[in-house]
Amino acid sequence: MDLQDLIVSDRDLMGGEPCFRGTRVPVATLFDNLADGVSLDQILAEWPSLNRADVVGVLALAGQYVRRAAA
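Read on for a plain summary of the structure. Please read all numbers here as calculations on a predicted model, not as lab measurements. (Residues numbered from 1 in each chain as written. Predicted model: local features only at pLDDT ≥ 70, side-chain atom pairs only at ≥ 80, totals over all residues. Heavy atoms only, no water.)

Here we look at the overall build of the protein chain
Logical step 1: Helix and strand counts for the protein chain stand at four helices and two strands.
Logical step 2: In sequence order, the protein chain lays out its α and β elements as α-β-β-α-α-α.
Logical step 3: On C-alpha atoms alone, the protein chain measures out to a radius of gyration of 12 Å, which is about the 11 Å that the 2.2 N^0.38 rule sets for 71 residues.
Logical step 4: Residues counted as buried form 30% of the 71 residues belonging to the protein chain.
Logical step 5: Contacts in the protein chain between residues far apart in sequence, at least 24 positions, make up 33% of those at least 6 positions apart.
Logical step 6: On the protein chain, roughly 4700 Å² of surface is accessible, and the fraction owed to carbon and sulfur atoms is 53%.
Logical step 7: Across the protein chain, the 6 positively charged side chains and the 10 negatively charged ones have centroids separated by 6 Å. (Helix = DSSP H or I, 4+ residues; strand = E, 2+ residues; numbered from the N terminus. Rg over C-alpha atoms; globule rule 2.2 N^0.38 Å. Buried < 20%, exposed > 50% of the residue type's maximum accessible area, 1.4 Å probe, protein only. Contact = heavy atoms within 4.5 Å. Areas by Shrake-Rupley, 256 points an atom, 1.4 Å probe, with all protein chains shown as cover. Lys, Arg positive; Asp, Glu negative; His and termini not counted. Charge placed at Lys NZ, Arg CZ, Asp CG, Glu CD.)

Structure, rendered in structure tokens:
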């Protein structure tokens, strides 16, 4: 799985802001809420169009990116 499977950036969707594929939820919403201390379960309850597997996939890929960048 890669980011293109999970995230779409389309000028006609939310002005091109990267969103979870199949939703209008910006990926930044996930990271902003996590940074504010909101739990994953709360985020999923607030945005029911999000799929837990997709959210966890984005987090895992972000973690891989950070590990590679730090190496």
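Here the narrative resumes.
Here we look at the pattern of salt bridges
Two side chains with opposite charge may pair up if their charged atoms get near one another.
Logical step 1: Applying the stated criterion to the full structure yields one salt bridge.
Logical step 2: For the salt bridge of Asp41 with Arg52, the shortest nitrogen-to-oxygen distance reads 2.2 Å. On the criterion of sequence distance, the pair formed by Asp41 in helix α3 (residues 40-46) and Arg52 in helix α4 (residues 52-70) is long-range, its members being eleven residues apart.
Logical step 3: With a relative accessible area of 42%, Arg52 lands in the partly exposed category. (Salt bridge = Lys/Arg side-chain N within 4 Å of Asp/Glu carboxyl O.)

Describing unusual backbone geometry
Peptide bonds are trans in most cases, and residues, glycine excluded, mostly fall at negative phi.
Logical step 1: A positive phi angle, close to 55°, is found at Met14, a residue other than glycine.
Logical step 2: Relative to the helices and strands, Met14 resides in the loop between β1 (7-8) and β2 (19-20).

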